[in-house]
Amino acid sequence: HGSREPVQRFIRNAAGRIHIEITTLIIPGKNDDDTEMREIARFVSDVDRTIPLHLSCYYPTYKYDVPATDPQRVLELVEIAREYLDFVYPGNVGNLRTPTECPSCSNLLVDRSGYRTIVRGITGGRCGGCGREISIPGT
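Residues numbered from 1 in each chain as written. Predicted model: local features only at pLDDT ≥ 70, side-chain atom pairs only at ≥ 80, totals over all residues. Heavy atoms only, no water.

Positive phi is not limited to glycine here, since N92 has a value of about 60°. The phi torsion at S106 lies on the positive side, around 70°, for a residue other than glycine. For S106, the location among the structural elements is in the loop between β4 (100–101) and β5 (108–113). (Helix = DSSP H or I, 4+ residues; strand = E, 2+ residues; numbered from the N terminus.)

This is the structure in structure tokens:
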């Protein structure tokens with residue numbers, strides 16, 4: 001029963017001052033529809049289209065027993081969010097390969113599978129393929 005407004009206000013205030021990444025837990029029947037994903041991605045894009053957005057599968061624990069999120073649904077929502085944002089990542093999707101590609105030239109930047117992450121295509125904060133500035137912490 002929370003409100004989006006304080007979260008959105010914080011994102012607007014923090015963007016440009018500090019590095020931020022946003023995570024949204026995708027819960028079936030709660031926030032897994034295309035329209036809501038477009039609203040979220042559009043809002044983030046209006047702030048800065050390079051803010052990373054993580055969309056994570058929900059798994060039932062403790063007292064909340066909604067069925068687990070289908071990883072395929074998260075991958076579909078990732079594609080919708082990528083219409084607006086440069087860096088969208090699926091999370092909690094098992095050992096599926098979830099690479100990050102350069103939004104300009106599609107060069108492989110970061111290769112991920114499960115919890116294994118290898119930076120491959122970033123040198124000096126730039127894409128090794130086209131030279132676009134890439135702002136991914138730790139690279």
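Here the narrative resumes, following the displayed structure.
With that settled, the discussion passes to the environment of L75. With respect to the secondary-structure elements, L75 resides in helix α3 (residues 71–81). Judged by its relative accessible area of 24%, L75 is partly exposed. Once the C-alpha coordinates of L75 and D33 are considered, the two residues, 42 residues apart in sequence, prove to be 12 Å apart. Each residue touching L75, except ones within four places of it in the same chain, is listed here: P90 and L96. (Buried < 20%, exposed > 50% of the residue type's maximum accessible area, 1.4 Å probe, protein only. Contact = heavy atoms within 4.5 Å.)

For helix α2 (residues 34–48), spanning 15 residues, the distance from its first C-alpha to its last is 21 Å, which sits close to the expected 21 Å at 1.5 Å a residue. All of the buried residues along α2 are E36, M37, I40, A41, F43, V44 and S45. For α2, the elements touching its buried residues are α1 (4–14), β1 (22–26), β2 (53–57) and α3. One side-chain oxygen of the residue at the start of α2 lies 3.2 Å from the amide nitrogen of T35, identifying that residue as D33. (Expected span 1.5 Å × (residues − 1). Polar contact = N/O pair within 3.5 Å; in protein donor to acceptor, adjacent residues only side chain to side chain.)

Let us now look at the packing of aromatic side chains. Applying the stated criterion across every chain yields a total of one aromatic pair. Geometrically, the ring pair formed by Y58 and Y64 is edge-to-face, given 5.7 Å between the ring centres and 80° between the ring planes. (Phe/Tyr/Trp six-rings, centres within 6.5 Å; stacked < 30°, edge-to-face > 60°.)

Now for the pairing of strand β6 (residues 116–119). Across four bridges, the pairing between β5 and β6 is antiparallel. Across the sheet, the residue bridging to V110 is V119, located in β6. In this structure, the hairpin formed by β5 and β6 is closed by a connection of two residues, where G114 is found at a positive phi of approximately 60°. (Pairing = 2+ DSSP bridges.)

Turning our eyes to something else, we now look at the sheet that holds strand β3 (residues 88–91). With parallel pairing, three strands are arranged side by side in an open sheet as β1-β2-β3. Unpaired on one side and paired on the other, β1 and β3 mark the two borders of the sheet. Averaged over all adjacent pairs, the angle separating strand axes in this sheet is 20°, with direction ignored. Both β1 and β2 contribute to a ladder of five bridges, which runs parallel. When the bridges of β2 are listed, I26 appears paired with C57. Packed onto the sheet, α3 meets β1, β2 and β3 and runs at close to 165° relative to β2. (Axes fitted to C-alpha atoms, helices over the stretch in contact; angles between N-to-C directions.)

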